[in-house]
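Per-entry structural report
One letter stands for each residue in the lines below.
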Amino acid sequence: MLAEGLTDELPTLPARVKRERLELTLHSRRLGGLAAETARRHGVTAPAVVMAFVAAGLARHLGTDRVTMSLMSSNRFAPEDQHLIGTMNQLIPVVTEVDRRATLAEHIRRLHWAGARAYRHGSYDVDRIAEVAGAAGPAPEHGCWINHLFRAWFNYIQVDRRPCDPADQTPAELAWTPLAQPYGQAFRVRIEVRGGRTSVLMLADPEVLPAPAMVDIMRTIPLGMQLALTDPGRALKDLWSAGEELPPALFPSRPPEPPG
């Protein structure tokens, strides 16, 4: 995994070094309900559905067919305990192939089971991982090595038990953060479901993923879900040429410009 699975296109900053970042958030009351419907249709979980299309968009814009996502271990808690947990910084690496010839249904199930296997075998010795990483190349600076190993973070937090309504027509909101966090991973996605509203926060290094690529990945998430429900046999590679319109409740028709 360390030799072949990491996404080397995502540069990691040395300790105490900062760089300009962009942060984009999609708020939608309908998105979580759509994710749940898609998950039921394909026999997977809502977090797996979202991760599947994050991974697809990331692979497309990095020009790769192998993506490593790093899942937060908070996703492992039972539903009755999830709302009590904010986050725990044990990360589970998930290495997966993104096959553009696969159908949307196949892609979703592949990502789901890759995550399930990673959780099943996700017990590891962090000191041993640091040792192996140091042997594979220049040793990262103290306090920063974990960022070198887990470069693409994905976290999905269900804060409360209120379900999301797949028929909610409240317009979605897309907003840039005026001043993004200038350190840490080059790519991070955090989903928070609270009070029936889903918020998808994406932080990225603009040298790796410029603003248009971030908007495209963010649009890929609801677009992939919608097509996975209406046309699950369509190939993943056709996702970006489908010409499918998204309702305003899932994605705004005119995305905002990034901060100057």
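We now turn to the structure provided with this report. (Residues numbered from 1 in each chain as written. Predicted model: local features only at pLDDT ≥ 70, side-chain atom pairs only at ≥ 80, totals over all residues. Heavy atoms only, no water.)

1. Re the environment of Leu-246
This is how the line gets drawn: Secondary structure elements follow DSSP: runs of H or I of four or more residues count as helices, runs of E of two or more count as strands, with numbering from the N terminus. Here a residue-residue contact requires only that any non-hydrogen atoms of the pair lie within 4.5 Å.
Note that Leu-246 resides in the segment after α7 (211–230). If we skip the residues at most four places from it in the chain, Leu-246 touches Arg-219, Pro-222, Leu-223, Gln-226 and Phe-251.

2. Observations regarding the pairing of strand β3 (residues 91–97)
Stated precisely, the cut-off is as follows: Burial classes: relative accessible area under 20% of the type maximum marks a residue as buried, over 50% as exposed, and values in between as partly exposed (1.4 Å probe, protein chains only). Two strands qualify as a pair provided that DSSP identifies no fewer than 2 bridges between them.
With 5 of 7 residues buried, β3 lies mostly within the body of the structure. Where strand β2 (residues 66–72) lies against β3, 7 bridges are found, and the strand directions are antiparallel. Counterpart to Val-67 in the pairing with β3 is Thr-96.

3. Points about the sheet that holds β3
The line we're drawing: Here, axes are lines fitted to C-alpha atoms. For helices the fit covers the stretch in contact, and angles between N-to-C directions go from 0 to 180 degrees.
Across the sheet, 7 strands lie side by side as β3-β2-β4-β6-β7-β1-β5; this open sheet has mixed pairing. Both outer strands of the open sheet, β3 and β5 (173–176), are each paired with one neighbouring strand and no more. On average, each strand axis in the sheet is tilted by 20 degrees relative to the strand beside it, whichever way the strands run. Where strand β1 (residues 22–28) lies against β5, 4 bridges are found, and the strand directions are antiparallel. Bridging across to β5, Leu-26 finds its partner in Leu-174. The sheet contacts of helix α4 (residues 104–120) involve β2 and β3, and relative to β3 the element is tilted by about 145 degrees. The sheet contacts of α7 involve β1, β5 and β7 (197–204), and relative to β1 the element is tilted by about 25 degrees.

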